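Summary of the model geometry
Spelled out, the chains give:
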Amino acid sequence: MSEWTEIVDYFRGRSMWMLHYCTGCGAIELPPTMTSRWDMERFGITPMATPRQADILLITGYLAIKTLKRVIYTYEQMQPPKWVLGFGSCTINGGIYWDSYNVIERLDKYIPVDIYIAGCMPRPEAILDSFVKLKEMVQNGEAKGYEKYVKNYEWYKANQDKVLKRTKPVLERIEKVTKIG
Amino acid sequence: MADILDEIRAMDLKASWLNDWEFEVIVPKERIGSVLDYLKSRTFKGFMGLSCVDWIDEGKFELVYILQSYDLSLEAIVKTKIPRHRPVIESMNAIWKLCEVYEREMHEFFGIEFVGNPNLRPFFLENWLDTPPLRKDFDTLAFSEELFEFKEDETHGINPPERIE
Ligand code: SF4
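The present account deals with the structure reproduced in this document. (Residues numbered from 1 in each chain as written. Chains lettered and ligands numbered in written order. Predicted model: local features only at pLDDT ≥ 70, side-chain atom pairs only at ≥ 80, totals over all residues. Heavy atoms only, no water.)

**A look at the site of the ligand**
- Taken together, the residues surrounding the ligand are A:C25, A:G26, A:G61, A:Y62, A:G88, A:S89, A:C90, A:I96, A:Y97, A:G119, A:C120 and A:M121.
- For the shell around the ligand, the residue count by class is seven nonpolar, five polar and no charged. (Near = heavy atom within 4 Å. Nonpolar A, V, L, I, M, F, W, Y, C, P; charged D, E, K, R; others polar.)

Here you go:
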């Protein structure tokens, strides 16, 4: 690693803008994290309104097939370097929606996740912990999820297409119960 | 207040109080339109919602229309059963335009055909090709295992403690 990238990584870790994708119930832990009680701006992290200007994508919980599509759009719009935080057990293994017909398991099959925060829902302390950890990883040049995405794009794309671009029913046993005639 | 129930019973329908502000009416499928129309004319102007119950053992879907009367401060719950296999019922969008949205949802999640509803396009689900998911014979776990590759013993290489004290 050259000195230049070391310096760049050092500064990158100190000012990260975060886009939070709040479809999960855990999003309710973000207002206290952002505001005076826990105040994440201490770590140089501040909410950002658009994906193109954001560095961190925080996914707060379950993703339905519909929202997964939007998350992928959002992620691909972000400029590298970019990092993804998976927040809550729903992003890890589906959480309480493990047998749902509409909620994905494991987020990192579709986009690379740098850090998972376990819990249902994680406390603001856990979120701050993950920010500090992410900052360390960025400054040490370890958080390279976005490079992984580019290198393994076929694999990610195949997983995404499996869910989003279905052309035939998933289960074999389909009854023609609904249509008349 | 009590006479509204007597009037309904006089129409040869089963009706009963659930508590002091709400009552239910059981209606055969053919009369649902006229009964809802009647209730609307008797101040039950607010259409609160339409839901569906899957009575799989009976082979029936039960449609539940919830109406409200602001003048009488009462809620009416109108229930009707239709066969589960190839379910068809007439659309109520002529009585309440709002019904169209609820019927669209019931169409998507239970596969009920609403005759006269022009707008039964897909609603919440993305690219759905299977059996409508809220029917009780739809195996959500098998679906999740197949599509999202859910594995019960997935631990990501981390072994949690046996029990968290
Ligand atoms: S992990 Fe828990 S809190 Fe978070 S989205 Fe899932 S169910 Fe909600």
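Let's pick the thread back up.
**Side note on the interface of chain B and chain A**
- Across the contact, 36 residues belong to chain B and 36 residues belong to chain A.
- For the pair chain B and chain A, the summed buried area comes to about 3,300 Å², and 55% of that belongs to carbon and sulfur atoms.
- Close ionic contact of B:E126 with A:K69 constitutes a salt bridge, the shortest N to O distance being 2.8 Å.
- At the junction of chain B with chain A, the criterion picks out 15 residue pairs in polar contact (both at pLDDT 80 or more).
- Mapped by element, the contributors of at least two residues to the side of chain B that touches chain A are helix 3 (99–110) and helix 4 (140–147) of chain B.
- For the side of chain B that touches chain A, the element with the most residues is helix 4 of chain B, which contributes seven residues.
- Split into classes, the residues belonging to the side of chain B that touches chain A amount to 19 nonpolar, seven polar and ten charged. (Contact = heavy atoms within 4.5 Å. Buried area = accessible area lost by both parts, 1.4 Å probe. Salt bridge = Lys/Arg side-chain N within 4 Å of Asp/Glu carboxyl O. Polar contact = N/O pair within 3.5 Å; in protein donor to acceptor, adjacent residues only side chain to side chain. Helix = DSSP H or I, 4+ residues; strand = E, 2+ residues; numbered from the N terminus.)

**Overview of helix 5 (residues 124–139) of chain A**
Residue and element names in this part refer to chain A.
- Between its first and last C-alpha, helix 5 extends 23 Å over 16 residues, near the 22 Å set by a 1.5 Å rise per residue.
- Those residues of helix 5 lying buried are P124, I127, L128, S130, F131, L134, M137 and V138.
- Trailing helix 5 by a residue or two, G141 shows a phi angle of about 70°, which is positive. (Expected span 1.5 Å × (residues − 1). Buried < 20%, exposed > 50% of the residue type's maximum accessible area, 1.4 Å probe, protein only.)

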